[in-house]
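Structural overview
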Amino acid sequence: MEYHEQQRRENVKKLRELILELPEFCVDYFRGIEPTTAERTRLGYARDLRIFFGFLLEYQPSLQGKTIHEITLEDLNQVHAQEIEMFLDYLSYYSKPGEEEEYQNGERGKARKISAVRSLFKYFYKKEKLSSNPAQLVSTPKIHNKNIIRLDTDEIARMLDEVDSGEKLTERQQKYHDHTRIRDLALVTLLLGTGMRVSECVGLDLTDVDFANNGLRIVRKGGNETILYFGSEVEDVLREYIDVRNQEEALPGHENALFLSMQKRRLSVRAVENLVKKYARTVTQLKNISPHKLRSSYGTALYNETGDIYLVADVLGHKDVNTTRRHYAQIEENRRRSAANAIHLRRDD
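Cut-offs used in this document
Residues numbered from 1 in each chain as written. Predicted model: local features only at pLDDT ≥ 70, side-chain atom pairs only at ≥ 80, totals over all residues. Heavy atoms only, no water. Helix = DSSP H or I, 4+ residues; strand = E, 2+ residues; numbered from the N terminus. Buried < 20%, exposed > 50% of the residue type's maximum accessible area, 1.4 Å probe, protein only. Contact = heavy atoms within 4.5 Å. Patch = residues over 30% accessible without salt bridge, like charges linked within 9 Å, V, L, I, M, F, W, Y side chains within 5 Å. Areas by Shrake-Rupley, 256 points an atom, 1.4 Å probe, with all protein chains shown as cover. Salt bridge = Lys/Arg side-chain N within 4 Å of Asp/Glu carboxyl O. Lys, Arg positive; Asp, Glu negative; His and termini not counted. Charge placed at Lys NZ, Arg CZ, Asp CG, Glu CD. pLDDT = per-residue confidence, 0-100. 1 Å grid on protein atoms, 1.4 Å probe; cavity = no way out; pocket = protein on both sides within 12 Å on 5 of 7 lines; lining within 4 Å. Points joined across faces, edges and corners; volume = space filled by probe spheres on them. Nonpolar A, V, L, I, M, F, W, Y, C, P; charged D, E, K, R; others polar.

Helices and strands together make up the secondary structure of the protein chain, namely 15 helices and 5 strands. The principal-axis extents of the C-alpha atoms in the protein chain amount to approximately 70 × 70 × 40 Å. Classification of the 349 residues of the protein chain by burial places 44% in the buried group. Restricting the contact set of the protein chain to residue pairs at least 6 apart, pairs at least 24 apart contribute 58%.

Its location among the elements puts Ser-296 in helix α12 (residues 291-306). For Ser-296, a relative accessible area of 10% gives the class buried.

Here we come to a positive patch on the surface. Taken together, the side chains of Lys-122, Lys-126, Lys-127 and Lys-129 make up a positively charged region of the molecular surface. Here Lys-129 shows up in the loop between α6 (107-126) and α7 (153-165).

Right, let's talk about the confidence of the model for the protein chain for a bit. Of the residues in the protein chain, 92% have a pLDDT of 70 or more, and the chain-wide mean is 89. Here helix α15 (residues 329-339) is the element of the protein chain with the lowest mean pLDDT, 62, and helix α2 (residues 25-33) is the one with the highest, 97.

This next bit is on the layout of surface pockets. By volume, the second largest pocket is sized at about 900 Å³. As for the second largest pocket, its lining consists of 33 residues, and the residues nearest its centre are Leu-192, Gly-193, Glu-233, Tyr-298 and Ala-301. For the lining of the second largest pocket, the secondary-structure elements that each account for two or more residues are α7, α8 (171-194), β5 (225-229), α10 (232-245), α12 and α13 (309-316). Per element, the largest residue contribution to the lining of the second largest pocket is 7 residues, and it comes from α12. Within the lining of the second largest pocket, the residues separate by chemical class into 16 nonpolar, 10 polar and 7 charged.

Rendered as structure tokens:
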């Protein structure tokens, strides 16, 4: 749990630094939403609001010459729904002041940013600090569901074989593979065999593994603890890895981390993403496989085996079963189609 506490402290620190760049009234806003939001959510809101205020400075004539920190609630009171709709259009393609890098947002990125803006206006409107709430008049961009990219059963088996053997890796990669094979096999098998998020995986400590019950104590998105159970295949590779892991001496602050890098530090999310992509490329060049795609592969396999969308939602940690249903709508459609021929009304002579 120490990893998650460290991440929480870092997020709080980053948030405090960001708030110093924002208008003074944002101090009250972030204090007000603290009881109902996670640190990561507030940090995301702060980043998105910084972009929004930067947009206002650039496109609102009345704000010319001001800095973000100098924007007042009275200035915010002059913003109309039309400006917020312009902001959504602006997000399609923009650059930040003083930076050459250009940014783009698709429908999901726009939806997240308008959510932050809507939350800000809603808060001060309810506090009667704003005379109107134009943000509620602006529609959230429609999110089009994408087809789920996943590994099929044969690809999963071949990927695990490749993690074990390393035969298709480059000569340089094979040198490292000799040192990381057991760790990599345990990590990829764990992702494929439990459907856990990559953030949950890198946050695991040695003390979170319970072989008596074949369970893992994990911290879900949002900070809730839960037990995730694993099968015999995961148990076998995890036992083998922990035997090796217990012989390694980690750097200070990383002693309890389950998965260590070659530098004896806790593996990062980025490192796991690169690791998964490295092995996945040896199996398929057409699918862009990430740790999240391994999670989708697990969810698909579990749903195909059980047909229980509520079980899949619970194991994957989805708060709303409709989230799960949207992700696996195509599979549900196929199952409904198969039902058409499942019942025979008349016996064949």
